[in-house]
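Survey of secondary and tertiary structure
The residues making up each chain are set out below.
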Amino acid sequence: MDFIMTTYSKDQIFNLLSEIPDPEIPVINIIDLGILRDVKFENNLCTVVITPTYTGCPAMKVIEDDIRCKLKEIGIENIKVELVFSPAWTTDWISEEAKEKLRAYGIAPPDHSTVDKKVLLGKARELKCPLCGSIHTEMISQFGSTACKALYRCLDCKEPFDYFKCL
Ligand SMILES: [Zn+2]
């Protein structure tokens, strides 16, 4: 019986894991992003349930390693990271606070998940510039600095910006 494990509550683990930033957007953490779904203690095993933003996102491996690392720091050795794909993650799970942080960071936060599908289909849409708020923007590339982002440009302030398009 591992007594260390039982001394932590689910809230404490959530708190600890909130220190893990999204590898691609360091200003928001994995709880802001809405991908941390649950933490369970069963017998001697700590199970962390996460829902990937989209299956091909290489950042998920980094997040998984970070979770294991954090838990080991507090003495939890027996860890299972469970990936749950249903219900699928949507941009609606990103907290309002996190959307503000994204805006401040210069990334246009997703406003609705259906909109992202249009981005994936390569159709430019009206997207507000996070720098000046102008809606005169155009998509330059379907892929921004990472596969999770599309690159846009503001026609008014001429600044390029990333649009977070994870599905
Ligand atoms: Zn602008």
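Relevant structure appears above.
The paragraphs below set out a description of the structure included in this document. These numbers come from a predicted model, not from an experiment.

**Quick notes on helix 4 (residues 96–105)**
An α-helix turns once every 3.6 residues. As a result, residues three or four positions apart point the same way. Where helix 4 is concerned, the buried positions are A98, K99 and L102. Seen along its axis, helix 4 keeps its buried residues to an arc of 105°; they face one direction. Opposite the buried face of helix 4, at more than 90 degrees from it, the exposed residues are E96, E97 and A104. Check the buried side of helix 4 and you find it contacts strand 4 (107–108).

**Looking at the nonpolar core**
Most often, soluble globular proteins keep nonpolar side chains buried together rather than apart. The biggest cluster of nonpolar side chains holds 28 residues, and the ones touching the most others in it are L17, I30, V48, I50, I67 and L71. Elements with a minimum of two residues in this core: helix 2 (10–17), strand 1 (36–42), strand 2 (45–50), helix 3 (59–73), strand 3 (79–83) and helix 4. Here this core gathers at least three residues from each of two domains, domain 1 (3–83) and domain 2 (94–164). When near neighbours in sequence (up to four residues on either side) are disregarded, I67 contacts L17, I20, I30, V48, I50 and V81. Counting residues in hydrophobic clusters, the runner-up holds nine residues, among them A108, A150, Y152 and C154.

**Here's the deal with the coordination of the zinc ion**
Put simply, the ideal angle at a metal is 109.5 degrees for four donors in tetrahedral geometry and 90 or 180 degrees for six donors in octahedral geometry. Of the protein atoms, only C129 (SG), C132 (SG), C154 (SG) and C157 (SG) coordinate the zinc ion, at distances of 2.3 to 2.4 Å. If you look at the zinc ion, its four donor atoms make angles of 104 to 118° with each other, and the shape they trace is tetrahedral. Among the residues examined, C157 registers a relative accessible area of 29% and is labelled partly exposed.

**Quick notes on the side chain of D32**
Position of D32 among the secondary structure elements: in the loop between helix 2 and strand 1. Residue contacts for D32: discarding those within four places in its chain leaves V27, W93, I94, S95, A98 and K101.

**Digging into the pairing of strand 6 (residues 149–154)**
Sheet analysis places strand 5 (residues 137–141) next to strand 6, joined by four bridges and oriented antiparallel. Looking across to strand 6, one finds that S141 is bridged to L151. Note: strand 6 against strand 7 (residues 160–164), five bridges, orientation antiparallel. Following the sheet pairing, A150 is matched in strand 7 by Y163.

**Here's the deal with helix 3**
Spanning 15 residues, helix 3 covers 21 Å between terminal C-alpha atoms, matching the ideal 21 Å at 1.5 Å per step. Among all positions of helix 3, only A59, M60, I63, E64, I67, K70 and L71 are buried. In a view along the axis of helix 3, the buried residues occupy a sector of 140°, so they form one face of it. Just past helix 3, the residue G75 takes up positive phi, approximately 95°.

**Let's talk about the sheet that holds strand 7**
Each strand in a sheet pairs with its neighbour through backbone hydrogen bonds, running either in the same direction (parallel) or in the opposite one (antiparallel). Here we have four strands laid out as an open sheet, ordered 4-7-6-5, and mixed in their pairing. Two strands close off the open sheet at either side, each with one partner strand: strand 4 and strand 5.

**Overview of the pattern of salt bridges**
Going through the model one piece at a time under the given rule, you end up with ten salt bridges. Notably, a salt bridge pairs R68 with E64, separated by 3.7 Å at the nearest N-O pair. Of this pair, R68 and E64 both sit in helix 3, separated by four residues, roughly a single helical turn. By relative accessible area, R68 is classed as partly exposed at 26%. On the accessibility criterion, E64 (18% relative accessible area) is buried. With its nearest N and O atoms 3.7 Å apart, the salt bridge here joins K80 to E82. Judged by relative accessible area, K80 falls into the partly exposed class, the value being 39%. One salt-bridge network, held together by shared partners, links E19, K70 and E73.

Rules used in this analysis
- Here the residue index of a chain counts from 1 through its sequence in written order.
- Local features in this predicted model are restricted to residues whose pLDDT is 70 or higher, and side-chain atom pairs enter the listing and the counts only when it is 80 or higher, whereas totals over whole chains, interfaces and linings include all residues.
- Note: side-chain values were computed over all heavy atoms of the structure, leaving out hydrogens and water.
- The classification of residues rests on relative accessible area computed with a 1.4 Å probe and restricted to protein chains. Under 20% of the type maximum is buried, over 50% is exposed, and intermediate values are partly exposed.
- A helix here means a DSSP run of H or I that spans at least four residues, while a strand means a run of E at least two residues long, and both kinds are numbered starting from the N terminus.
- Note that the arc is computed from the directions linking the helix axis to the C-beta atoms.
- Contacts are residue-level and defined by heavy atoms, with any inter-residue pair within 4.5 Å sufficient.
- We call a set of buried residues a nonpolar core when its members are Ala, Val, Leu, Ile, Met, Phe, Trp, Tyr or Cys and they connect through side-chain atoms within 4.5 Å of each other.
- Segment limits for the domains were obtained from an automatic or database-derived domain assignment.
- With water excluded from the atoms, a metal site may look incomplete; its donors are any N, O or S atoms within 2.8 Å, or within 3.2 Å for Na, K and Ca.
- Geometry is assigned from the angles between donors: four donors with all angles from 85 to 135 degrees make a tetrahedral site, four or six donors whose opposite pairs exceed 155 degrees while the rest stay between 65 and 115 make square planar or octahedral sites respectively, and everything else is labelled irregular.
- Paired strands, in this sense, are two strands between which DSSP finds at least two bridges.
- Expected span of a helix: the number of residues minus one, times 1.5 Å.
- Each reported salt bridge corresponds to a side-chain nitrogen of Lys or Arg within 4 Å of a carboxyl oxygen of Asp or Glu.

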